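Residue strings, one per chain:
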Amino acid sequence: MKDAQPSTVYLKDYRVPEYLVDSTRLHFELQPKATLVKSQLKIRRNPAAGEGLPPLVLDGVELELLSVSIDGKLVPASRYQELPQGLSIPVDAPEFELEIHNRINPEDNTSLEGLYLSNGMYCTQCEAEGFRKITYYPDRPDVMSRFTTTIVAPRQYPVLLSNGNETARGTTEDGRQFVTWEDPFAKPSYLFALVAGDLQQVEDSYTTASGREVKLQIFTEAKNIGKCDHAMRSLKKAMRWDEEVYGREYDLDIFMVVAVDHFNMGAMENKGLNIFNSACVLASPETATDSTFQRIESIVGHEYFHNWSGNRVTCRDWFQLSLKEGFTVFRDAEFSADMNSRAVKRIEDVSMLRTTQFAEDGGPMAHPVRPDSYMEISNFYTLTVYEKGAEVVRMIHTLLGAEGFRKGSDLYFERHDGCAVTCEDFIKAMEDANGVGLTQFRRWYSQAGTPVLDVTDAYDEATGNYALTVKQSCPPTPGQEQKLPFHIPLALGLLGAEGTDLPLDSAGNTQVVLQVTEQEQTFNFTGLQEKPLPSLLRDFSAPVKVRYGYTTEQLLFLMRNDSDAFNRWDASQRLAFMALEQLQSDYRQGKSLYLPEALVAAYRSVLQNRDLDPALIAEMLALPSEQTLAEQSEQIDAEAIIVARKFARGALAKALKDDLLVCYRGLHSDKPYSPDAAEIAARSLKNTCLTYLCVTEDTDALELAQQQFHRASNMTDSAAALGALVNFAEAADTEAALAQFYQRWRQDTQVVELWFGLQSTSARWGTLEKVRELMQHPAFEQKNPNKVRAVIGGFANRNFTQFHRADGSGFEFVAEQVIALDKLNPQIAARLVIPITRWKKYRGELGEKMQGALQAVMDSGKLSADLYEVVSKSLA
Ligand code: B3K
Ligand code: ZN
């Protein structure tokens, strides 16, 4: 039961659990509408909780309670109390065995939390608070218990899985089969998992550094069995990487991965039994794009790394979520950087952070990396907790150096193995292992908002002194008007007139990390022969915005010469941003639009540069997205953004046509597909060229796209060509290509999702009418989050033009969908509403229309706690 006005939980109210659970024995008899759950818990009063024997309060949601027994004796219903969200049982001994029987309905569970059915397969999702939808339990991460699970199921479910090792299997008297699993590691309930289905498996093995053999299995429906190889390879790479970089070995004899089609997020790190959204594990060259291949590698790595950063050492409470998520995202980002191009990975991550996390930090739901309060914890699986949290861990890495960081992580794992701990414990281990203090640095965990650095400089020719002054500030965020200064590692280099890095100290180092700790601080560099050009925040050494009055010439210079690949890219973005700002302002003033020749020349020389990694060239050629431009605007003028970007893209495409064509042709390859860094880079640049060429809508360019579409031997090329057609070709040609593509791939769930996404995100094709049509397509399923994300999410988040239509119909549509979805899946509804929550940032009428749509959601009746929290905070 969810209240209309859910209550707020505060970090400051944390108390240790009253009772501990030493062992948990679960017994499931699976039935679609009436699964019977029996749970036997060995319970003990927590000595740390104080005196007396308060009632035992268990969490439980949407459960049908059948019976309660203590030490083998039935407790009459008059003795215990059923609460709106649980059960309260009087206790008269400090240790006892509790047995509870209850029933649940997996078939009607559309929230995809707890135990549910996906295409006839039973599966679970318990993080954060889903276990309470399975049985009554102290469903909090600081209660860790050893689990034994027996699953009984009819014969049509031959595969029965849970955490740990299989210890028994057999047939019941009535002919059903059962399997028992035992997990030797104590774990919180959120890491529990169960799967039952008619599944096939791919099997492999891995020998750990200490010589133990681990069985690896990936389970999926039979039709997908050919799409597991990449995930298996990625898993083995991740296992090796964690041994080499963190000294962490896997600890069970078996590691299982299961692919399910209905899943609220990417994947889940349940102990020994990871459950994945099919879209994040299944791939083949014909059906998956390069970015899907890379996403799979990183998510497989992420979930695997959680075995240590999350499972062996877990969170004390959900306010500490970033303890496991920020750290694990940092780990997976470094893994991907080591497996692929480091610079490109960094650019992709920062670009995403700047667009989406910065927007969150500047919006109504802004919160610190370690939030102080929440209504619904599911709403805090955010870009701030994950991506900004990873940046915070990265800054510690930068401050301590790789060796120091490793000493810190070793101490952290050793000190807290088997425990549920806090972000504070993580920092403390880093401090203790290195003998340093990070007191001020801790503010990154408690203060929300994106800090801004205003940098100015002065050079004194007479003394050769160069003074760099840094002023930091941070805008107010909900509940935090004033911020104290952050401890910011500012990596920089200084470029001389020749374009080379100048030595910054007597040892000849050309890069330093400045420790910015005050509101305003000046750093002096001595003995310089000339005024240098600063290359600031190299490799994005902190999640901040840097303002420095670069001229166009200086940015062109950095684009050509900076030894930091990230900053070369960043210079290209700053340059493009300046030009796009100018275009927006000219458009508002009714002036005619014009793209500076210097910008065109810069793009041309990037395109012609044979020494640069092609993937980096592709990144440098990409104009900042409309979303990025919106985030960077004080006040969003959607129309001006759309016009300016479209104009700039068109002008570049026209001016660079010949170069684009040469580049495109030069990158054509007949080699068999491989998702390695070099090949991915080549395809990425080739397809960037193709898209630019098609921007002009010239027949010969569209002909190229048609050719590529028809001849492509891999999904990357095929999808890029189809994307170009959907965005730039005549309606009849677009329709023909879409129909052909669908006909070919209609049986493949992942490709159909991609097909939906290409249409809903097209500025030209993905009109509201088309999106509504897509929702009527037989392959669309409102109960499947991937389909909702592809069609409705694609439109709301990645189709800036159509979503921002001046009549507000895009916002109304999203509101209408959110209201409908909330009845089925509150988590998905609360995510989907986000695009209409930032109404305060819009200029004029559009903002009012967006506010109106949001208000309509609020007024639509009783909302789930998830949706209520986001909507009420955004309207405030
Ligand atoms: N830990 C899960 C996320 C669970 C989200 C629950 N609403 C996946 C991950 O971050 O690895
Ligand atoms: Zn995670």
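This structure is a prediction, so every number in the text was calculated from the model and none was measured. As a convention, each chain's residues are numbered from 1 in the sequence order in which they are written. Throughout, the order in which chains and ligands are written sets their labels, letters from A for the former and numbers from 1 for the latter. Residue-level local features of this predicted model are given only where pLDDT is at least 70; pairs of side-chain atoms are given and counted only at 80 or more, and the full residue set underlies all totals for whole chains, interfaces and linings. Based on all heavy atoms of the structure, the side-chain values leave hydrogens and waters out of the count.

Caption draft 1: Quick look at the overall build of the protein chain. Only runs of H or I of at least four residues qualify as helices and only runs of E of at least two qualify as strands under DSSP, and these elements are numbered from the N terminus. Counting secondary structure elements, the protein chain contains 26 helices and 31 strands. Across its three principal axes, the protein chain shows a C-alpha extent of roughly 85 × 65 × 60 Å. Think of it in three bands: with a 1.4 Å probe and only protein chains considered, a residue is buried below 20% of the maximum accessible area for its type, exposed above 50%, and partly exposed in between. Burial statistics for the protein chain: of 876 residues in total, 60% are counted as buried. Counting every atom, the protein chain has about 33,800 Å² of accessible surface; 49% of that belongs to carbon and sulfur. Across the protein chain, the centroid of the 90 positively charged side chains sits 1 Å from that of the 120 negatively charged ones. Accessible surface area values rest on a Shrake-Rupley calculation with a 1.4 Å probe, where residue burial reflects the displayed protein chains alone. Working convention for charge: Lys and Arg count positive, Asp and Glu count negative, and His plus the chain ends are omitted. A charged residue contributes its charge at one atom only: NZ of Lys, CZ of Arg, CG of Asp or CD of Glu.

Caption draft 2: Here's a closer look at the coordination of the zinc ion (ligand 2). For the zinc ion (ligand 2), the full set of protein donor atoms is His-302 (NE2), His-306 (NE2) and Glu-325 (OE), at a range of 1.9 to 2.1 Å. When the donors of the zinc ion (ligand 2) are listed by position in the chain, the intervening gaps give H-x3-H-x18-E. You can see His-302 sitting in helix H2 (residues 290-305) and its partner Glu-325 sitting in helix H3 (residues 321-339), a full 23 residues away along the chain. A relative accessible area of 7% means that His-302 is categorised as buried. Looking at Glu-325, the relative accessible area reads 1%, which means it is buried. Coordinating donors are taken as N, O and S atoms within 2.8 Å of the metal, stretched to 3.2 Å for Na, K and Ca; because water is absent from the atoms, sites can appear incomplete.

Caption draft 3: Seen up close, the packing of helix H20 (residues 768-776) against helix H21 (residues 785-798). It is at 10 Å that the axes of H20 and H21 come closest, and there the two elements cross at 165°. In this view, H20 runs roughly antiparallel relative to H21, as classed from their interaxial angle. Regarding H20 and H21, the two cross each other, and that crossing is left-handed. Across the interface between the two elements, Leu-768, Val-771, Leu-774 and Met-775 of H20 pack against Val-791, Ile-792 and Phe-795 of H21. Fitted lines through C-alpha atoms give the axes, limited to the stretch in contact for helices. The angle between two N-to-C directions lies from 0 to 180 degrees. Roughly parallel means an angle under 35 degrees; roughly antiparallel, over 145; roughly perpendicular, 65 to 115; everything else is oblique. Should the near helix be turned counterclockwise from the far one by less than a right angle, the crossing is left-handed, whereas a clockwise turn marks it as right-handed. By definition in these notes, contact holds between two residues if any of their heavy atoms fall within 4.5 Å.

Caption draft 4: Main features of the site of ligand 1. Taken together, 13 residues form the shell around ligand 1, and within it Glu-127, Ala-267, Glu-269, Glu-303 and Tyr-386 come nearest. Polar contact is defined as a pair of N or O atoms within 3.5 Å, subject to the rule that within protein one atom must be able to donate a hydrogen and the other to accept it, and that residues adjacent in sequence are counted only when both atoms are side-chain atoms. One of the side-chain N or O atoms of Glu-325 is found 2.9 Å from an oxygen atom in ligand 1. In the complex, 94% of the free accessible area of ligand 1, which totals 340 Å², lies under the protein chains. Breaking the shell around ligand 1 down by element, the ones donating at least two residues are strand S20 (267-268), H2 and H3. Each residue belonging to the shell around ligand 1 can be placed in one class, and the counts come to 5 nonpolar, 3 polar and 5 charged. Near, as used in this document, describes a residue that has one of its heavy atoms within 4 Å of the molecule or strand being considered. Side-chain classes follow a simple rule in which Ala, Val, Leu, Ile, Met, Phe, Trp, Tyr, Cys and Pro form the nonpolar group, Asp, Glu, Lys and Arg form the charged group, and the remainder, Gly included, forms the polar group.

Caption draft 5: Examining the UniProt feature "domain: Peptidase M1 alanyl aminopeptidase Ig-like fold" (unreviewed entry) in the protein chain more closely. UniProt positions are given in the numbering used here, feature names are shortened, and annotations may be inferred rather than shown by experiment. The UniProt entry lists residues 449-548 under the feature "domain: Peptidase M1 alanyl aminopeptidase Ig-like fold" (unreviewed entry), expressed in the numbering used here. Summarising residues 449-548: 0% helix, 44% strand, and an end-to-end C-alpha distance of 20 Å.

Caption draft 6: Local environment of the pattern of salt bridges. Salt bridges, as used here, are contacts in which a Lys or Arg side-chain nitrogen is within 4 Å of a carboxyl oxygen on Asp or Glu. Within this structure, the stated rule accounts for 64 salt bridges. A salt bridge links Lys-345 to Asp-349; the nearest nitrogen and oxygen atoms lie 3.2 Å apart. You can see Lys-345 and its partner Asp-349 sitting in helix H4 (residues 342-361), 4 residues apart, about one turn around the helix. Exposure remark for Asp-349: the relative accessible area of 22% places this residue in the partly exposed category. Residue Glu-391 is joined to Arg-346 by a salt bridge in which the shortest nitrogen-to-oxygen separation is 2.8 Å.

Caption draft 7: The sheet that holds strand S17 (residues 200-207), seen in detail. Reading across the sheet, the 5 strands line up as S17-S18-S19-S21-S20 and stay open at both edges, with mixed pairing between neighbours. With partners counted over all chains shown, the strands left at the sheet margins are S17 and S20, one partner each. Together, strand S19 (254-260), S20 and strand S21 (273-277) form the strand contacts of H2, whose direction differs from that of S21 by roughly 150°. Following DSSP output, two strands are said to pair if at least two bridges run between them.

Caption draft 8: Quick peek at the side chain of Asn-340. One can find Asn-340 in the loop between H3 and H4. The class of Asn-340 is buried, set by a relative accessible area of 18%. Among the polar contacts listed, one links the side chain of Asn-340 to the side chain of Glu-297, at a separation of 2.9 Å. Residues within four places of Asn-340 in sequence aside, it is in contact with Gln-294, Glu-297 and Ala-677.

Caption draft 9: Structural context of the sheet that holds strand S29 (residues 520-525). Pairing is mixed across the open sheet formed by 4 strands, whose spatial order is S29-S26-S25-S31. The sheet is open, and its two edges are formed by S29 and strand S31 (545-547), each paired on a single side. Neighbouring strand axes in the sheet, compared pairwise and without regard to direction, differ in orientation by 25° on average. Across 3 bridges, strand S25 (residues 452-460) lies against S31 in parallel orientation. Paired with Leu-453 across the two strands is Val-546, which belongs to S31.

Caption draft 10: Representation of the nonpolar core in the model. Counting 285 residues, the largest nonpolar core has Leu-98, Phe-426, Phe-525 and Ile-836 as its most contacted members. Take this core: its biggest share by element is 12 residues, from helix H5 (residues 383-416). Those residues in contact with Ile-836 that lie beyond four places of it in its chain are Phe-803, Phe-811, Val-814, Ala-815, Met-850, Ala-853, Leu-854 and Val-857. Residues grouped as a nonpolar core are buried Ala, Val, Leu, Ile, Met, Phe, Trp, Tyr and Cys residues, joined through side-chain atoms within 4.5 Å.

Caption draft 11: Layout of helix H13 (residues 638-655). Given a rise of 1.5 Å per residue, 18 residues ought to cover 26 Å, and the 26 Å separating the end C-alpha atoms of H13 matches this to within 8%. Within H13, the full set of buried residues consists of Ala-638, Ala-640, Ile-641, Ile-642, Ala-644, Arg-645, Ala-648, Leu-652 and Ala-653. Helices are assigned an expected span. That span is 1.5 Å times one less than the residue count.

Caption draft 12: Region of interest: the pairing of strand S11 (residues 121-125). For S11, a buried count of 5 out of 5 residues is recorded, marking the element as mostly surrounded by other parts of the structure. Here S11 shows two buried faces, one formed by Met-121, Cys-123 and Gln-125 and the other by Tyr-122 and Thr-124. Strand direction decides the pairing type here: strand S10 (residues 114-118) and S11, joined by 5 bridges, are antiparallel. Following the sheet pairing, Gly-114 is matched in S11 by Gln-125.

Caption draft 13: The arrangement of the UniProt feature "domain: Peptidase M1 alanyl aminopeptidase C-terminal" (unreviewed entry) in the protein chain in detail. Under the UniProt annotation, the feature "domain: Peptidase M1 alanyl aminopeptidase C-terminal" (unreviewed entry) is placed at residues 553-876. The span residues 553-876 is 73% helical and 0% strand by assignment, and the distance between its end C-alpha atoms comes to 44 Å.

Caption draft 14: Quick look at helix H14 (residues 657-666). If you check which residues of H14 are buried, you get Lys-657, Asp-659, Leu-660, Leu-661, Cys-663 and Tyr-664. For H14, the secondary structure elements touched by its buried residues are helix H10 (597-608), H13, helix H15 (677-695) and helix H16 (699-711).

Caption draft 15: Seen up close, the environment of Leu-160. Structurally, Leu-160 can be placed in strand S13 (residues 159-162). Residue Leu-160 is classed as buried on the basis of its relative accessible area, which comes to 2%. Considered as a pair, Leu-160 and Tyr-122 are 38 residues apart in the sequence and their alpha carbons are 9.3 Å apart. Look past the residues within four positions of Leu-160 in its chain and what remains in contact with it is Ile-151, Ala-153, Gln-177, Phe-178, Val-179, Trp-181, Val-195 and Ala-196.

Caption draft 16: Layout of the side chain of Thr-628. Summarising the element assignment, Thr-628 is placed in helix H12 (residues 626-632). Here Thr-355 takes part through its side chain, which lies 2.8 Å from a polar atom of the side chain of Thr-628.

Caption draft 17: View of the packing of helix H25 (residues 844-858) against helix H26 (residues 865-875). Where H25 contacts H26, the axes come no closer than 10 Å and their chain directions differ by 140°. The pairing of H25 with H26 is recorded here as oblique in orientation. Considering the relative orientation of H25 and H26, their crossing is left-handed. Residues Gln-851, Leu-854, Gln-855, Val-857 and Met-858 of H25 pack against Leu-867, Tyr-868, Val-871, Ser-872, Ser-874 and Leu-875 of H26. The residue makeup of the contact of H25 with H26, split by class, is 7 nonpolar, 4 polar and no charged.

Caption draft 18: Quick look at the packing of aromatic side chains. Aromatic rings from Phe, Tyr and Trp, taking only the six-membered ring of Trp, are treated as a pair when their centres fall within 6.5 Å; an angle between ring planes under 30 degrees marks them as stacked, one over 60 as edge-to-face, and anything in between as tilted. A full pass over the atoms with the stated rule returns 42 aromatic pairs. Arranged with centres 5.6 Å apart and planes meeting at 70°, the rings of Phe-330 and Phe-405 form a pair that is edge-to-face. Here the residue Phe-330 occupies a position in helix H3, and Phe-405 occupies one in helix H5, the gap between them amounting to 75 residues. For Phe-330, a relative accessible area of 2% gives the class buried. Among the residues examined, Phe-405 registers a relative accessible area of 2% and is labelled buried. Taking 6.3 Å as the distance between ring centres and 45° as the angle between the ring planes, the aromatic pair formed by Tyr-374 and Phe-380 counts as tilted.

Caption draft 19: Fine view of the state of the cysteines. For the purposes of this analysis, a disulfide is any pair of cysteine sulfur atoms at a distance within 2.5 Å. By the definition in use, this model includes 0 disulfides. The thiol sulfur of Cys-423 is not disulfide-bonded, and the nearest other cysteine sulfur, from Cys-315, lies at 7.3 Å. In this structure Cys-474 is not part of a disulfide, and its nearest cysteine sulfur, from Cys-423, lies 18 Å away.

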